[in-house]
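So the chains spell out like this:
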Amino acid sequence: MPALRLAPAIALASAALFGASTPLAKLLLGEGLGPLLLAGLFYLGSGFGLAALSLVQRAGRGPRREAPLRRADLPWLALVVLFGGVIGPVLLMIGLATTPGSAASLLLNLEALATMAIAWIAFRESVDRRLLLGAGAILAGAVALSWQGEAAAIGLGAVAILGACLAWGIDNNLTRKLSAADPIQIAMVKGLVAGAVNTGLALAYGDALPAPGVIAAAGAVGFLGYGVSLALFVVGLRHLGAARTGAYFSTAPFIGAVIAVAVLGEAVTAPLVIAAILMAAGVYLHLTEAHEHEHRHDELEHEHRHRHDEHHRHAHGPGDPPGEPHSHRHRHAALVHKHPHFPDLHHRHVH
């Protein structure tokens, strides 16, 4: 199945784009931008960039390849924006104000654990020993990369950062509920709303807008590192579920560190080498995962991008789009079979 091969690469590409934004953010912070204003400009760049991309796609007049957001999706989308675009960044800024950078970096690694725990406990995703070992190795690599010999003190700032990680863990799992819809549309709405809120808060607290060139640079970084990255993350959620996508996304700090070595001339350190070994082991454990058992598909009707594979053997009506892949509302008959699978849109069954 193509998703079994391509989905991990898509999730890792999402992590790579987000990881690349970190060293570039350091350069932009050197231009006098505050963290909250920079986050706002990143999100706005994401939202406006994806809006332009969406207009270009519509102008192509081809068959609809992605399911649009529907009215029933709006409550989930509002929660995604609230937790991921507003609560998470605000709590992080509160935490960074009183927490050392090294401690904050360590605490931020807990987002992956929060994502996996919520996916496992609340949404009953399958999490076996191999997945846990792989996620643990990736997380250990992230900890090794950010460790600077200081313990993370549990003060009010640290609690705020832990709250941000929990908010983003909730955001990742709620986004999974929307992953059948157009990922560009989801990321666009989140970027525009979160960008407006964060930029507004930064300006209200006294930040001043930088020069137009700096705004344009921040917008470009935000488009790729937040917008395109989030759209790919949604596609990963669609095919892998929240726990696995979150684990792959945890490689972002390592990717950012490698780019910092190449672009900023930073030294290759022992923590970087250790992180590379641990994360490579974790990704290998995930890529070689083989989850297969007899399972039942209940009758289901929904809409999403698909090809006519073993899970999509339906007839087309006169109004359905031609060509593949395409998107239209379709019905799945009940089915019992056995094959390798991830907890994707069609395999979110209880184990």
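Quick caveat: nothing in here was measured; it's all calculated off a predicted structure. (Residues numbered from 1 in each chain as written. Predicted model: local features only at pLDDT ≥ 70, side-chain atom pairs only at ≥ 80, totals over all residues. Heavy atoms only, no water.)

Quick notes on the overall build of the protein
Link 1 in the chain: Of regular secondary structure, the protein possesses 12 helices and 4 strands.
Link 2 in the chain: Within the protein, buried positions represent 48% of all 351 residues.
Link 3 in the chain: Contacts in the protein between residues at least 24 apart in sequence constitute 86% of all its contacts with a sequence separation of at least 6.
Link 4 in the chain: Of the accessible surface of the protein, which amounts to about 16,300 Å², a share of 66% is contributed by carbon and sulfur atoms. (Helix = DSSP H or I, 4+ residues; strand = E, 2+ residues; numbered from the N terminus. Buried < 20%, exposed > 50% of the residue type's maximum accessible area, 1.4 Å probe, protein only. Contact = heavy atoms within 4.5 Å. Areas by Shrake-Rupley, 256 points an atom, 1.4 Å probe, with all protein chains shown as cover.)

Let's talk about empty space enclosed by the protein
Link 1 in the chain: Under the defined criterion, the tally for this structure stands at 1 cavity of 30 Å³ or more.
Link 2 in the chain: One number sums up the size of the largest cavity: a volume of about 60 Å³.
Link 3 in the chain: Residue lining of the largest cavity: Ala-112, Leu-113, Met-116, Ala-135, Gly-136, Leu-139, Ala-243, Gly-246, Ala-247 and Ser-250, and that is the complete set.
Link 4 in the chain: Its residues assigned to classes, the lining of the largest cavity comprises 7 nonpolar, 3 polar and no charged. (1 Å grid on protein atoms, 1.4 Å probe; cavity = no way out; pocket = protein on both sides within 12 Å on 5 of 7 lines; lining within 4 Å. Points joined across faces, edges and corners; volume = space filled by probe spheres on them. Nonpolar A, V, L, I, M, F, W, Y, C, P; charged D, E, K, R; others polar.)

Description of the packing of aromatic side chains
Link 1 in the chain: Counted by the stated rule, this structure contains 5 aromatic pairs.
Link 2 in the chain: Relative to Tyr-226, the ring of Phe-18 lies with its centre 5.6 Å away and its plane at 50°, an arrangement referred to as tilted. Highlighted residues: Phe-18 in helix α1 (residues 2–29) and Tyr-226 in helix α9 (residues 212–240), separated in sequence by 208 residues.
Link 3 in the chain: The partly exposed category is assigned to Phe-18, whose relative accessible area is 28%.
Link 4 in the chain: Where Phe-18 meets Phe-249, the ring centres are 5.3 Å apart and the plane angle is 35°; that geometry is what we call tilted. Residue Phe-18 is found in helix α1, and its partner Phe-249 is found in helix α10 (residues 242–249); the two are separated by 231 residues along the sequence.
Link 5 in the chain: A connected cluster of aromatic rings, assembled from ring pairs, spans Phe-18, Phe-42, Tyr-43, Tyr-226, Phe-233 and Phe-249. (Phe/Tyr/Trp six-rings, centres within 6.5 Å; stacked < 30°, edge-to-face > 60°.)

What to know about the pattern of salt bridges
Link 1 in the chain: Under the definition given, this model contains 1 salt bridge.
Link 2 in the chain: With its nearest N and O atoms 2.7 Å apart, the salt bridge here joins Asp-171 to Lys-190. With Asp-171 in helix α7 (residues 156–178) and Lys-190 in helix α8 (residues 183–204), this pair connects stretches of sequence that are 19 residues apart.
Link 3 in the chain: Residue classification places Asp-171 among the buried positions, given a relative accessible area of 3%. (Salt bridge = Lys/Arg side-chain N within 4 Å of Asp/Glu carboxyl O.)

Digging into the packing of helix α3 (residues 74–96) against α7
Link 1 in the chain: Running from N to C, α3 and α7 cross one another at 160°; their axes reach a closest spacing of 8 Å. Compared by their axis directions, α3 and α7 come out roughly antiparallel. The chirality of how α3 crosses α7 is left-handed. (Axes fitted to C-alpha atoms, helices over the stretch in contact; angles between N-to-C directions. Parallel < 35°, antiparallel > 145°, perpendicular 65-115°, else oblique. Left-handed = near helix turned anticlockwise from the far one by under 90°.)

Observations regarding the nonpolar core
Link 1 in the chain: In terms of nonpolar packing, the biggest core is built from 40 residues, with Leu-69, Met-116, Leu-178, Ile-186, Ala-243 and Phe-254 touching the most fellow members.
Link 2 in the chain: For this core, the leading source of residues is α9, giving 6 residues.
Link 3 in the chain: One finds Leu-38, Leu-41, Ala-158 and Ala-194 within the second-largest nonpolar core, a separate group that totals 22 residues. (Core = buried A, V, L, I, M, F, W, Y, C linked by side-chain atoms within 4.5 Å.)

Considerations on the environment of Met-93
Link 1 in the chain: Relative to the elements of secondary structure, Met-93 occurs in helix α3.
Link 2 in the chain: Separated by 64 residues in sequence, Met-93 and Gly-157 place their C-alpha atoms 9.1 Å apart.
Link 3 in the chain: Setting aside anything within four residues of it in sequence, one finds Met-93 in contact with Pro-35 and Leu-36.

Considerations on the packing of α7 against α9
Link 1 in the chain: The geometry of α7 relative to α9 is characterised by a closest axis approach of 9 Å and an angle of 70° between their N-to-C directions. With respect to α9, the element α7 is oriented roughly perpendicular. Contacts from Asn-172, Thr-175 and Arg-176 in α7 reach Phe-233, Val-234 and Leu-237 in α9.

Thoughts on the environment of Thr-115
Link 1 in the chain: Mapped onto the secondary structure, Thr-115 falls in helix α5 (residues 110–121).
Link 2 in the chain: The exposure class of Thr-115 is buried, given its relative accessible area of 1%.
Link 3 in the chain: A C-alpha to C-alpha distance of 9.2 Å links Thr-115 and Thr-245, two positions 130 residues apart in sequence.
Link 4 in the chain: Once you skip the residues sitting within four places of it in the chain, Thr-115 turns out to touch Trp-168, Gly-169, Asn-172, Asn-173, Ala-242 and Gly-246.

Side note on α10
Link 1 in the chain: Judged by how many residues are buried, α10 sits mostly within the fold: 8 of 8 residues are covered.
Link 2 in the chain: Buried within α10 we find Ala-242, Ala-243, Arg-244, Thr-245, Gly-246, Ala-247, Tyr-248 and Phe-249.

Concerning the side chain of Ser-229
Link 1 in the chain: Position of Ser-229 relative to the elements: it lies in helix α9.
Link 2 in the chain: Polar contacts involving the side chain of Ser-229 include one to the main-chain carbonyl oxygen of Ser-14, which spans 2.7 Å.
Link 3 in the chain: Those residues in contact with Ser-229 that sit more than four places away from it in its chain are Ser-14, Leu-17, Phe-18, Leu-224 and Phe-249. (Polar contact = N/O pair within 3.5 Å; in protein donor to acceptor, adjacent residues only side chain to side chain.)

Digging into the environment of Ile-255
Link 1 in the chain: By the secondary structure assignment, Ile-255 is in helix α11 (residues 252–263).
Link 2 in the chain: Judged by relative accessible area, Ile-255 falls into the buried class, the value being 19%.
Link 3 in the chain: With 239 residues separating them along the chain, Ile-255 and Ala-16 place their C-alpha atoms 5.8 Å apart.
Link 4 in the chain: The contacts of Ile-255, once residues within four sequence positions are left out, are Leu-12, Ala-15 and Ala-16.

Shape is all these values report; function is a separate question.
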